[in-house]
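What the coordinates show
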Amino acid sequence: MVKKVIKNFEIEYLQVLDESGKIDEKLMPKLTDKQIKELYELMILARTFDDKGFNLQRQGRMGSFLQFKGQEASQVGTAYALEDKDWMFPMYRSGAALIARKYPIHMIYLYYGGDERGLKCPNDQNNFPISIPVGTQISHAPGCAWASKLKKEKDVTMVYFGDGASSKADFHEGMNFAGVFQLPCIFVCENNQYAISVPRKKQTHAETIAQKAIAYGIRSIQVDGNDVFAVYKATKEAVDNARAGKGPTLIETFTYRQADHSTSDDAKRYRTDKEMQEWLKKDPILRLEKYMKAKKLLDDKYKKEVANKTKEQVEKEVEKYENFPAPSPEDIVKYTFAEMNQDLKEQFEEIKNG
Ligand SMILES: Cc1ncc(C[n+]2csc(CCOP(=O)(O)OP(=O)(O)O)c2C)c(N)n1
């Protein structure tokens, strides 16, 4: 039998900043000191938001909450590479990405507090609503990217999802569509190792998520998802390519969810303490602080200032969330259709007149 090799493949892996805070100078992306500080402050803001959200839920001040702790570099680094006018499709764990996109923090809390109005994106922002169904956003995003392409607009679309979502049909449909039409779409798979209690190994027999892109003729890369410089560099390249008409990219950010899946989960039942301790050493904020300290971009005074400033900011947002005007009972029927039908009109009148 003669073997004919159609294609061999390799998966690129990128790490710039290691656990000890050292960078590979040759790989370092172009970032000013001001931008590095901005990335740091966004990551601290995201973590403060995350810790507070968990506390609010435990105090009975919020229905449920999904933490992204440990994934700050993965989300801030990707979102930071976008321009304001670009489009973003978040999932339920994308709080840090939304914060980096300047989405009002109290609105995110509002949504987790059970009020759908938290999903009403400000008109001057191009963020789609958070997707609670796993993976559905992966096939919506290429549609948005296609619209940009048809309208000859230079916007890029970015969609977030987890390793578990890559097993869904939506992923394969979305990737295939983006590949065929060479769309300006960036797929960000945050491989945080678990889909609730299911580890990545039981999710897919492939060693990486990134390699799945090869089947669709799409560029891909696996990056150290706890390294904000690597995440940013890979994403900036993908964004530049997409904007230049060179098609989509799949970015797998290799990271770890430090918290439970949600406030209804207990990860101790399926993860070992040893594993957790190993990943805590790889924490994305810790290593950035080590780097910044060595570069004299961070000292105790600045660190404290940032911590106090973000704490104050988050407390103000909590106040806004808890004092958000209650919904009107009429809202129940007001938004079902663009125009109310006769039944709804009657119900509307009934509610209005008490
Ligand atoms: C369509 C659908 N099926 C099942 C669920 C229940 N569910 C919520 S999160 C989750 C796991 C998803 O894991 P992954 O995609 O890896 O993202 P992660 O939560 O780890 O960030 C499941 C099965 C859901 N929300 N939507």
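This is a predicted model, so every value here is computed, not measured.

The helix and strand tally for the protein chain stands at 13 helices and eight strands. For the protein chain, the C-alpha radius of gyration of 21 Å lies close to 20 Å, the compact-globule estimate for 354 residues. Dimensions of the protein chain along its principal axes, counting C-alpha atoms only, are 75 × 60 × 45 Å. Relative to its 354 residues, the protein chain shows a buried fraction of 42%.

The subject of this paragraph is helix H2 (residues 72–79). For H2, a buried count of eight out of eight residues is recorded, marking the element as mostly surrounded by other parts of the structure. Those residues of H2 lying buried are Glu72, Ala73, Ser74, Gln75, Val76, Gly77, Thr78 and Ala79.

What follows deals with the sheet that holds strand E4 (residues 185–191). As summarised here, the arrangement of the six strands in space is E1-E7-E8-E4-E3-E2, forming an open sheet in which the pairing is parallel. Among the strands making up the open sheet, the edge pair consists of strand E1 (13–14) and strand E2 (87–89). Pairing between strand E3 (residues 157–162) and E4: six bridges, direction parallel. Residue Val159 lies in a different strand from E4, and its bridge partner there is Phe187.

Let us now look at the site of the ligand. Around the ligand, a shell composed of 15 residues is seen, among which Val134, Gly162, Gly164, Ala165 and Ala195 lie nearest. Secondary structure elements with two or more residues in the shell around the ligand: E3 and strand E5 (194–195). Grouping the amino acids of the shell around the ligand by side-chain chemistry returns eight nonpolar, four polar and three charged.

Now for the environment of Asp260. Turning to its location among the elements, Asp260 is positioned in the loop between strand E8 (249–254) and helix H9 (273–280). Separated by 193 residues in sequence, Asp260 and Gln67 place their C-alpha atoms 7.5 Å apart. Leave out the neighbours within four places in its chain, and Asp260 touches Asp265, Asp266 and Ala267.

Our next topic: the pairing of E3. Of all six residues making up E3, six are buried, and the element is well covered by its neighbours. Residues Thr157, Val159 and Phe161 line one face of E3 and the alternating positions Met158, Tyr160 and Gly162 line the opposite face, and both faces are buried.

Once that is clear, we can look at the pairing of E4. Most of E4 is tucked away: seven of the seven residues are buried. Alternating positions in E4 separate into two faces, Cys185, Phe187, Cys189 and Asn191 on one and Ile186, Val188 and Glu190 on the other, with burial throughout. What joins E3 to E4 is helix H6 (residues 169–180), and the crossover it makes is right-handed.

The phi dihedral of Gln193 falls on the positive side, at around 80°, and the residue is not glycine. Mapped onto the fold, Gln193 is located in the loop between E4 and E5. With 20 C-beta atoms packed within 10 Å, Gln193 lands in the buried category.

To continue, consider the nonpolar core. In terms of nonpolar packing, the biggest core is built from 83 residues, with Met43, Val76, Ile99, Ile186 and Phe187 touching the most fellow members. What Phe187 contacts, discounting residues up to four positions off in sequence, is Ile138, Val159, Met175, Pro248, Leu250 and Ile251.

With that out of the way, let us pick up the domain arrangement of the protein chain. Splitting the protein chain by domain gives domain 1 (17–323) and domain 2 (329–354). Taking only C-alpha atoms into account, the centre of domain 1 sits 38 Å from that of domain 2.

Think of two packed helices as two axes; the pair is described by the angle between the axes and how far apart they sit. Contact geometry of helix H1 (residues 33–58) with helix H10 (residues 284–294) gives a least axis separation of 11 Å together with a crossing angle of 150°. Classified by the interaxial angle, the pair formed by H1 and H10 is roughly antiparallel. Remark: the crossing between H1 and H10 carries left-handed chirality. Here Ile36, Tyr40, Met43, Ile44 and Arg47 of H1 come into contact with H10, specifically with Pro284, Ile285, Leu288 and Met292. Tallied by class, the residues present in the contact of H1 with H10 amount to eight nonpolar, no polar and one charged.

What counts as what
- Residues numbered from 1 in each chain as written.
- Predicted model: local features only at pLDDT ≥ 70, side-chain atom pairs only at ≥ 80, totals over all residues.
- Helix = DSSP H or I, 4+ residues; strand = E, 2+ residues; numbered from the N terminus.
- Rg over C-alpha atoms; globule rule 2.2 N^0.38 Å.
- Buried ≥ 20, exposed ≤ 12 C-beta atoms within 10 Å, placed from the backbone.
- Pairing = 2+ DSSP bridges.
- Near = placed C-beta within 6 Å.
- Nonpolar A, V, L, I, M, F, W, Y, C, P; charged D, E, K, R; others polar.
- Contact = placed C-beta atoms within 7 Å.
- Right-handed = clockwise from strand over helix to strand, strands pointing away.
- Core = buried A, V, L, I, M, F, W, Y, C linked by C-beta atoms within 7 Å.
- Domains from an automatic or database assignment.
- Axes fitted to C-alpha atoms, helices over the stretch in contact; angles between N-to-C directions.
- Parallel < 35°, antiparallel > 145°, perpendicular 65-115°, else oblique.
- Left-handed = near helix turned anticlockwise from the far one by under 90°.

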